[in-house]
Amino acid sequence: MLARRIRQAKGEEPADFVIRNATVFDLATGALLPGDIAITGDTVVGIGERYDGADILDADGLVAVPGYIDSHVHVESSLVTPFEFERMVLPRGVTAAFCDPHELANVAGTRALDYFFDSAAKMAMDLFLQLPGCVPATPFETAGAELSAADLAPYRGRSGVPGLAEMMNVPGVLCGDPGVLEKLALFEDRNIDGHAPLLSGRALNAYLAAGIRNCHETDTRAEAEEKLRRGMAVMLREGSAGRNLDRLLPLLTVAASPFLLFCTDDRNPADIRSEGHIDAMVRRALAAGCEPLAVFRAGSWSAARAFRLFDRGLVAPGYRADIVLLDGLRSANVLHVIRNGRRVTEALFASRPEPPSAAAFAGSVRCGRIAPEKLAVKGAAEKFPVIAVRDGTLMTGAEMHRLPHENGVLRPDPERDILKCAVVHRHGRNTNAGAGFVRGFGLTRGALASSVGHDSHNLCAVGVSDAEIAFAFDALAAAGGGFVAAAEGRVLALLPLPVGGLMSDRPWPEVAAQLGQVIAAAHSLGCPLHEPFQALAFLPLPVIPHLRLTDRGVFDVDRMEFLTEGSK
């Protein structure tokens, strides 16, 4: 193959594939280079010259950029299996993604890792698997599984493992928790992803000194600037609930672009269908006036360098033939995608081997019927902590409110947008149920419930009463997991997620349509949030400030302590 590459690069024989009359956008210099792109097998062998080829695609002046790279994604949050995930994103130019499969791992442990490795080996795009560093995220919740350094060690040598996925247990790092340090030491010669919202000063120095290299949980420009000054790569994120792209775009300059990466983290199929994926981030950044060189570096080259993929990120001889053809440098609409030297068409997807079975992850909701009485919060007239949810950010507020009470039990107050919320353990390890109050969901009737509850993925719900929440939980359990909107004893819309309670086994367009229906039902109940179910799913995550609810009670992330105790 090497000799063939050289001969075809020299024009001594026709190239395997030629993209004729392209305009290559050079991410090294920012120049626009007209000419042909010659490809041998999966590798670019020539640009800027005239080539003959066995297969020719006339680009007619289209702009050629490197395939986009999602620098941090949880495939499970797309609500579909890995094979369906790539059907969504590969035609949009995403030729590689760095995936943390900790969602399914929190449900099923190493069986989830095996499933993802089997899937990645058969996929058309590159799905690089970062090994989950926090299963569970903290000891303040009850997951379905736990992964120690000893559990991860056998997977370290697998092909396609760049390193350790997001280290969310910041207190564990800073306090030198032996289990955390063992995981960090196991990957000290590899990439280690970070997760460090609001971390600053000496604490940030200590976190970085542990070998952690990037962060996707950066909410403000000042926070991002401090991290950049300390050599930390910052990921600009556009998920369905967690979005910082617009706030951080002023930082996206040519000078800073080597340290800025695009990622989606948690993006649902409805948003991918209507807006896009990394391609949408590229278009939004360009529309905001960012320099194209900075934007396209953040979409490919910067991630390739950060994760030591030295054959990606440029359309140049010797680089992987992952190429996106755009209608223009500023409009950036994707017209053609080349992956490993092959056109991305239905024929490419049809040529894949059979996907691995996900049947082992069915039946993951293992809890009995939840009586409304189990969700009662006892109290009197004193102020009670209330979680405040805001659209566009995963961080919550911590508020104190006086709540209605009756017979020593605190009640929600929907007229003030103070609703009941609950998290119930679903993995069969205990019968924990945490309950509290939340503001921001805006429901005037009914309840929303989900079996996606980051990151331990217990059942979580928000509603106007305990009875409405209990009914929604019952509907969710009967479906084997998913999203449900219900009111007055009736299910308004349901998206079943039978694969671990996290993913559907249906084609992605069908899942996107069902998700649209259940979101519309949530909006009909009064919810103003763009993506109510992702907002709900992040209520239990005790590693993002400020106030959370787990199956053990209301948790203060800043003080790392419970404010209330759940029932058992």
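The protein chain is annotated in an unreviewed UniProt entry as Adenine deaminase of Victivallis lenta. Quoted straight from UniProt, the Catalytic activity (unreviewed entry) entry for the protein chain says "adenine + H2O + H(+) = hypoxanthine + NH4(+)". Per its UniProt entry, the protein chain bears the Cofactor (unreviewed entry) comment "Mn(2+)".

Asker: Before we move on, can you summarise the pairing of strand E27 (residues 490-496) with the specific residues and values?
Answerer: Bridge analysis of strand E26 (residues 482-487) against E27 gives six bridges, and the strand direction is antiparallel. Bridge pairing links Ala-487 to Arg-490 in E27. Counting the residues in the hairpin turn of E26 and E27 gives two residues, including Glu-488, whose phi is positive at 50 degrees.

Asker: Describe in detail the UniProt feature "domain: Amidohydrolase-related" (unreviewed entry) in the protein chain, supporting the description with residues and values.
Answerer: The sites that UniProt annotates as "domain: Amidohydrolase-related" (unreviewed entry) are residues 64-344. Secondary structure over residues 64-344 splits into 35% helix and 18% strand, and the C-alpha atoms at its two ends are 15 Å apart.

Asker: Please set out the sheet that holds strand E30 (residues 561-562) residue by residue, giving values where relevant.
Answerer: Within the open sheet, the three strands sit side by side as E28-E29-E30. Their pairing is antiparallel. In this open sheet, the two edge strands, each paired with only one partner strand, are strand E28 (547-550) and E30.

Asker: Before we move on, could you go through unusual backbone geometry and cite the residues and values that matter?
Answerer: The peptide bond linking Val-135 to Pro-136 adopts the cis configuration, its omega dihedral lying at 0 degrees. Its location among the elements puts Pro-136 in the loop between strand E8 (126-129) and helix H5 (149-152). Cis geometry is found at the peptide bond from His-454 to Asp-455, where omega equals -10 degrees. Within the secondary structure, Asp-455 is located in the loop between strand E24 (447-450) and strand E25 (459-463).

Asker: Give a description of the packing of aromatic side chains that names residues and reports values.
Answerer: How two aromatic rings sit relative to each other is given by the distance of their centres and the angle of their planes. One pass over the full model with this rule turns up eleven aromatic pairs. Aromatic side chains Phe-25 and Phe-296 sit 5.7 Å apart centroid to centroid with 75 degrees between the ring planes, which places their arrangement in the edge-to-face category. Taken as a pair, Phe-25 in strand E1 (residues 17-25) and Phe-296 in helix H13 (residues 292-306) lie far apart in primary sequence, 271 residues in all. Neither residue differs from the other here; Phe-25 and Phe-296 are each classed as buried. Of the aromatic side chains, those joined through ring pairs into one cluster are Phe-98, Phe-128 and Phe-307. Directly above the aromatic system of Phe-117 lies the positively charged group of Arg-158, at a separation of 4.7 Å from the ring centroid. Seen from the ring of Trp-301, Arg-297 lies directly overhead, with NZ or CZ sitting 5.4 Å from the centre.

Conventions we followed
- Residues numbered from 1 in each chain as written.
- Predicted model: local features only at pLDDT ≥ 70, side-chain atom pairs only at ≥ 80, totals over all residues.
- Heavy atoms only, no water.
- UniProt positions renumbered as here; feature names shortened; annotations may be inferred.
- Pairing = 2+ DSSP bridges.
- Helix = DSSP H or I, 4+ residues; strand = E, 2+ residues; numbered from the N terminus.
- Phe/Tyr/Trp six-rings, centres within 6.5 Å; stacked < 30°, edge-to-face > 60°.
- Buried < 20%, exposed > 50% of the residue type's maximum accessible area, 1.4 Å probe, protein only.
- Lys NZ or Arg CZ within 6 Å of the ring centre and 35° of its normal.

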